[in-house]
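# Inside the fold
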Amino acid sequence: MTIAPDKPETSTDIPVPEGHVKLVIDGETVIAPKGELLIRTAERLGTVIPRFCDHPLLDPAGACRQCLVEVEMGGRPMPKPQASCTMTVADGMVVKTQLTSAVADKAQQGVMELLLINHPLDCPICDKGGECPLQNQALEHGRTESRFVDTKRTFAKPLPISSQVLLDRERCVLCQRCTRFSREIAGDPFIELLERGVHQQIGTAETADVLDLASRTTSGDPFQSYFSGNVIQICPVGALTSAAYRFRSRPFDLVSAPSVCEHCSSGCAERTDFRRGKVMRKLAGDDPEVNEEWLCDKGRFAFRYSSAEDRIRRPLIRNADGVLEEASWTDALRAAAAGLAEARDGKGAAVLTGGRLTVEDAYAYSKFARIALGTNDIDFRSRPHSAEELSFLAAHVVGTTPESGVTFGEIERARTVLCVAFEPEDEAPIVFLRLRKAARKNRTRVVHLGQWTTSSVRKTFGELLACAPGSEAAAIDGIAQHAQDVDAALAAEGSVILVGERAAEVPGLFSALHRLVERTGARLAWIPRRAGERGALAAGAAPTLLPGGRSVTDAAARAEIEKAWGVTLPAGEGRDTTAILNAASGQDIDGLLVGGVDPDDLPDPELARRALENAKFVVSLELRPSGVTDYADVVLPIAPAVEKAGTYLNWEGRRREFAVTLEGTGALPDCRVLDTLAVEMDADLFTQTPAAAAADLAKLPSVMKGSFKTNFVLKDPFMTRPEPENGKVLLATWRQLIDNGSLQDDEPHLKGTQREVVARLSAKTAEGLGGSVKVSTERGSITLPVEVADLPDGVVWLPGNSDGSAVRASLGAGHGSAVNLTGGEK
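All figures in this text were calculated on a predicted structure; none of them were measured in a lab.

So, about the nonpolar core. In terms of nonpolar packing, the biggest core is built from 90 residues, with Phe368, Ile476 and Ile497 touching the most fellow members. At 8 residues, the largest contribution of residues to this core is made by helix H9 (residues 359-372). For isoleucine 476, the residues in contact, after removing those within four places along its chain, are Leu418, Val420, Leu449, Leu509, Ala512, Leu513 and Leu516. Counting residues in each nonpolar core, the second largest holds 84 residues, with Ile39, Ile232, Val290 and Phe301 among its members.

In the predicted model, the protein carries a mean pLDDT of 91, and 94% of its residues have values of at least 70. Every residue in residues 1-5 scores below 50 in pLDDT, and together they form 0 contacts with partners more than four places removed in sequence or on other chains. Across residues 7-11, confidence stays below pLDDT 50; counting only partners more than four residues off in sequence or on other chains, it has 0 contacts.

Attention shifts here to the sheet that holds strand S12 (residues 255-260). Either a parallel or an antiparallel arrangement is found when strands of a sheet pair, and the pairing is made through backbone hydrogen bonds. The strand order across the open sheet formed by 3 strands is S12-S13-S14, and the pairing between neighbours is antiparallel. Both edges of this open sheet fall to S12 and strand S14 (278-284), since each of them pairs with a single strand only. Pairwise comparison of adjacent strand axes, ignoring direction, gives a mean angle of 30° for this sheet. When S12 meets strand S13 (residues 269-275), the two strands line up antiparallel, connected through 6 bridges. By the bridge assignment for S13, proline 258 is matched with arginine 271.

Quick look at the pattern of salt bridges now. Counted under the stated rule, the structure contains 66 salt bridges. In this structure, arginine 624 and aspartate 310 form a salt bridge, with 2.9 Å as the shortest nitrogen-oxygen distance. With arginine 624 in the loop between strand S27 (617-622) and strand S28 (634-637) and aspartate 310 in the loop between helix H7 (297-301) and strand S15 (316-318), the pair connects residues that are 314 residues apart, well separated along the chain. Overall, the relative accessible area of 36% leaves aspartate 310 in the partly exposed class. The salt bridge involving aspartate 696 is made with lysine 367; its shortest N-O contact spans 2.6 Å. Of this pair, aspartate 696 sits in helix H24 (residues 690-698) while lysine 367 sits in helix H9, and the two are 329 residues apart along the sequence. For the pair aspartate 696 and lysine 367, a shared accessibility class is recorded, and that class is buried.

Cut-offs applied
- Residues numbered from 1 in each chain as written.
- Predicted model: local features only at pLDDT ≥ 70, side-chain atom pairs only at ≥ 80, totals over all residues.
- Heavy atoms only, no water.
- Core = buried A, V, L, I, M, F, W, Y, C linked by side-chain atoms within 4.5 Å.
- Buried < 20%, exposed > 50% of the residue type's maximum accessible area, 1.4 Å probe, protein only.
- Helix = DSSP H or I, 4+ residues; strand = E, 2+ residues; numbered from the N terminus.
- Contact = heavy atoms within 4.5 Å.
- pLDDT = per-residue confidence, 0-100.
- Pairing = 2+ DSSP bridges.
- Axes fitted to C-alpha atoms, helices over the stretch in contact; angles between N-to-C directions.
- Salt bridge = Lys/Arg side-chain N within 4 Å of Asp/Glu carboxyl O.

Right, here's the structure in full:
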């Protein structure tokens, strides 16, 4: 007689794919890729092993020993528990975590007991209280009583690591997350471990000097980093805290909402924490495809501008005495509509928008210009620009998406990256982090075409192709002849070219890049500095393009929009920002609608102010008083990013949608203001809300890159090197990340970490000029201390908008301009 078994027999012969191993964790057979850390394999099983030093984006350290597990190899147990954050999986390994091993559980409890020997009992006042991994793990994996009853060690507190990062040393568990982040991810190895044994502590060269400690383990520089806020967020205890947030709130007081950073074109995922209608802090969101788990300090700390005391809360109308006074929305909209209608019916009106708009707001401006004002005179580029740039963007950028264009991931995987007219650490910090990661992890070759060995060049282990400012086009055309190894690398698979907005200041550079891309097959990405530029381009806030990149002169493409909107559109190309300002200055345009433009950002601030003064009627949509307010006839207040919903289109072409964070404030988004203003002018935009604007835009036939013909006319090879005349030198300039931008106002702690404002010269150019130099034009001058760098001779570099160095406003000059250089008096 046959008796059936109680349990069906199961085969343990699980096939193991190539490159994988088979092991057992807590009695369960697991297949894991070779090289994977034990702690990661356990996570995939749903087993959370406690840890402090481990972080998925940092190299293993084994510093805290909290993740101890019991391990057997070849049937023989290892003599003591092993750190699962440093041990990789192996075939035949048997692992027992705290769930199945009394040895591992006891070891973890013992480590926790050691960590708490000197840890202070100040959870009620600690900023980390309520969201502290040490609290959580002490409750779950710690002992109810400690065998150590001695007096706890104390330190003077807090110790300022920088103006925005404060250190409470007695709370530190020496996990080294902060030092590893600074050294590995950011490339700023200024915060480091000092001393040894029981005296070991976190500090900097400056704090070591103050405390009379040995500082030989540090670089000797202060902790100055664009990414310092990340060490606060990843600290597993309350050792590192934010000077701006310290003692301001508790986690359970806060309401959290997902959001998107409004400061640059990366579109980083954020978490905004607020209380009683006020933003208290921002944290990095977890988005592996974009910012991973990191934020730059500008994105993390620069949010108080929205609650500034000078914020415009009610509409303003200029009275008969020339003074702006508060008015109702009804009166202000009627006055604005009447003035713009009169201008439209006269010599015409034009629209100037800044680069901070959401896609929905930019679409409303684009639609308002064409329908309410009957013009293609609209431009989002409130910065140096050119017709060549717009033509290039229409041919190479419009319609690109993460599926068809370059992405953060592609940068990380690239074999070669060429950066042109682009300083990533200052202009797109998260792109910089990917470049550094690519170079450090994947040995990506990063080549920078620029003027000197900047921190971006050094920290990406990069190569510098030095050229004079303004000669970048010649340098690109000369790569095949003068840098054949770079040319060959770009022609190989996996090469990427990143170009910044500064390229618009160099005649012929976009044409040279077009030729380079066509010849080598390298993939190209345009990375503007502002968050809204890609969205404005896609929404048609440009003089030659309709929504979707359709050319205004293409009858078939124009007919698609006319059918969708139910109107007849102007057929001729509009004027760009400079042409609009010239026309307004010469009183060839009667009206201007301005949305968030700072005259000092424009190529010629004097021209901008003259245009605003000579225009018969000016309407300004803005958050706070600006250089436009002084000339506006009507000022309409709009909502900041935290008080509205919308979408940013980042440089990849990836949609970054966000909802309202602070509700019930009464602030209106640009699209709502424009929709109501258009109604007063007998036009319908159907952009009453961001959702309505997005739906209206979605109704248009979708477009992809290359869907429409572009009129990109190549300029001849620009092989002439600009030569300064009459003893002048060439100016190189760009804006530093932390500077005097209006979105960074009301944040002194962030201001304290700005980089030193100096003029950089070659040693030969600096000869005989003394310790400072005066850079001047017929418009004005800038005097700064000198720092010698490896610039070409006859070149001076100045920060674009920092303390004492407002290049556009003071000099009326830009990148590649000829300026006077003399010894200064500072």
